[in-house]
Amino acid sequence: MSAKVRLYVDHPLGAGQTVPLDRDQAHYLFGVMRLETGARVALFNGRDGEWQAEVAEAGKRGGALTCVEQSKPLQLPPDLWLIFAPIKKARTDFIVEKATEMGAARIMPVATDFTNSERIRQDRLQAHGVEAAEQCGGTFVPEVAELQKLSTLLDQWPTERQLMFCDEGEVGQRLFLDATQAGVAAGPWAILIGPEGGFSEGERKRLHRMEQAHVVSLGPRILRADTAAVAALTLWQHTLGDW
Ligand code: SAM
């Protein structure tokens, strides 16, 4: 019998392994989902694949599960970073959720010259990543990085990482459909999406000069940043990723 409930736990998983539950997890499993001793739960921790576990102890403030068998191996996403400038809260949450579902390996909020939001709650965004992974059947949770300056990130850019630079100033010009034609290959990549105000001229000039940058148009209309993130992830995954 396979479990209906999937739960992320920060604990090693393996045959016979006991996994203790904290108060929130116990509340969710026994208070909200009404599971009882013996019920099955699917567990993953981002490292050991997915495991079917049985409820061994069910309490109001805690409990324990016992791992029975592995139901999925660990499936890592391609080495793809999604770099974006945070926008309004709900739309930023949406970007983290969709990037997790669509298979980004790392989610990196950056402050650009025209960024709308100077602060993020990294812990809250990370929790959205965990929830999205629980819901989509993934066995990996992308790390949501702390906010950093785009200029600092570009100063330390790794030479081997290609950059899909989504430039609204290139509307209708260059497409990213045929990777072989564009001379691009799989390997470490990043997607960069700008804020509502777009990139500054200084940023655009710098990005256009970068050896690793592939300037990409997402069609003849200007997309909102959250739509652009989903469109770019789709295009990249379809062309170079694991879809
Ligand atoms: N304020 C800008 C303007 O009106 O020109 C639009 C910025 S757009 C809302 C936010 C980000 O989404 C852009 O910086 C870019 O990274 C991406 N984007 C949106 N539409 C795009 C398109 N058609 N081609 C490439 N990138 C696009």
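Residues numbered from 1 in each chain as written. Predicted model: local features only at pLDDT ≥ 70, side-chain atom pairs only at ≥ 80, totals over all residues. Heavy atoms only, no water.

Participant: So what's going on with the overall build of the chain? Which residues, and what values?
Facilitator: The secondary structure content of the chain amounts to six helices and 12 strands. The principal-axis extent of the C-alpha atoms belonging to the chain is close to 60 × 35 × 30 Å. Out of the 243 residues belonging to the chain, those deemed buried represent 50%. When contacts within the chain are restricted to residue pairs at least 6 apart in sequence, long-range pairs at least 24 apart make up 76% of them. If you sum the accessible surface of the chain, you get close to 12200 Å²; carbon and sulfur atoms cover 49% of it. The centroid of the 26 positive side-chain charges in the chain is displaced by 5 Å from the centroid of its 32 negative side-chain charges. (Helix = DSSP H or I, 4+ residues; strand = E, 2+ residues; numbered from the N terminus. Buried < 20%, exposed > 50% of the residue type's maximum accessible area, 1.4 Å probe, protein only. Contact = heavy atoms within 4.5 Å. Areas by Shrake-Rupley, 256 points an atom, 1.4 Å probe, with all protein chains shown as cover. Lys, Arg positive; Asp, Glu negative; His and termini not counted. Charge placed at Lys NZ, Arg CZ, Asp CG, Glu CD.)

Participant: Explain the site of the ligand residue by residue, including any values.
Facilitator: In the vicinity of the ligand there are 21 residues, among which Cys166, Glu168, Glu196, Leu218 and Arg221 approach most closely. A distance of 2.8 Å separates a nitrogen atom of the ligand from a polar backbone atom of Leu218. Contact between the ligand and Leu223: a nitrogen atom at 2.8 Å from a main-chain N or O atom of the residue. Considered on its own, the ligand offers 580 Å² of accessible surface; in the complex 84% of this is hidden by protein. Counted by class, the shell around the ligand contains 11 nonpolar, five polar and five charged residues. (Near = heavy atom within 4 Å. Polar contact = N/O pair within 3.5 Å; in protein donor to acceptor, adjacent residues only side chain to side chain. Nonpolar A, V, L, I, M, F, W, Y, C, P; charged D, E, K, R; others polar.)

Participant: Give me the lowdown on a nonpolar patch on the surface, citing residues and values where you can.
Facilitator: Taken together, Tyr28, Val32 and Met33 make up a surface patch of nonpolar side chains, about 240 Å² in accessible area. By the element assignment, Val32 lies in helix H1 (residues 23–32). The partly exposed category is assigned to Val32, whose relative accessible area is 47%. (Patch = residues over 30% accessible without salt bridge, like charges linked within 9 Å, V, L, I, M, F, W, Y side chains within 5 Å. Salt bridge = Lys/Arg side-chain N within 4 Å of Asp/Glu carboxyl O.)

Participant: Outline the pattern of salt bridges, listing residues and values.
Facilitator: Overall, the coordinates contain 15 salt bridges when judged by the stated rule. With a closest N to O distance of 3.1 Å, Glu143 and Arg106 form a salt bridge. Here Glu143, found in strand E8 (residues 143–144), pairs with Arg106, found in strand E7 (residues 106–111); they are 37 residues apart in sequence, far enough to count as distant. With relative accessibility at 24%, the residue Arg106 sits in the partly exposed group. One salt-bridge network, held together by shared partners, links Arg6, Glu50 and Lys72.

Participant: Tell me what's going on with the nonpolar core, and back it up with residues and numbers.
Facilitator: General note: in soluble globular proteins, nonpolar side chains tend to be found buried as a group. Leu82, Met164, Ile191, Ile193 and Leu233 are the most contacted members of the largest nonpolar core, which has 28 residues in total. Elements that contribute at least two residues to this core include exactly strand E6 (80–84), helix H2 (89–102), strand E10 (162–166), strand E11 (189–193) and helix H6 (225–240). If one sorts the elements of this core by residue count, H6 sits on top with eight residues. (Core = buried A, V, L, I, M, F, W, Y, C linked by side-chain atoms within 4.5 Å.)

Participant: Explain the packing of aromatic side chains to me, using residue names and the numbers behind them.
Facilitator: Evaluation of the coordinates by the stated rule reveals four aromatic pairs. Of note, Arg106 hangs over the ring of Trp81, and the distance from its end group to the ring centre comes to 5.7 Å. Directly above the ring of Trp81 sits Arg161, whose terminal nitrogen or CZ lies 3.8 Å from the centroid. (Phe/Tyr/Trp six-rings, centres within 6.5 Å; stacked < 30°, edge-to-face > 60°. Lys NZ or Arg CZ within 6 Å of the ring centre and 35° of its normal.)

Participant: Could you give me a rundown of unusual backbone geometry, with the residues and numbers involved?
Facilitator: Glycine aside, a negative phi is what most residues show, and trans is what most peptide bonds show. The phi dihedral of Arg34 falls on the positive side, at around 60°, and the residue is not glycine. With respect to the helices and strands, the residue Arg34 is situated in the loop between H1 and strand E3 (40–44). Using a relative accessible area of 63% as the deciding quantity, one classes Arg34 as exposed.

Participant: Give me the domain arrangement of the chain: which residues, what numbers.
Facilitator: Here the chain is described as being made up of domain 1 (6–72) and domain 2 (80–240). For domain 1 versus domain 2, the distance between C-alpha centres works out to 34 Å. In this complex, domain 1 contributes nine residues to the contact, which on the side of domain 2 involves eight residues. Together domain 1 and domain 2 conceal approximately 660 Å² of surface at their shared face, both sides included; 62% is due to carbon and sulfur atoms. Across the domain 1-domain 2 interface, the total number found is zero salt bridges. Applying the counting rule to domain 1 against domain 2 returns six residue pairs in polar contact (both at pLDDT 80 or more). Ranked by residues supplied to the side of domain 1 that touches domain 2, first place goes to strand E1 (residues 5–8) with three residues. Residue composition of the side of domain 1 that touches domain 2, grouped by class: three nonpolar, two polar and four charged. (Domains from an automatic or database assignment. Buried area = accessible area lost by both parts, 1.4 Å probe.)

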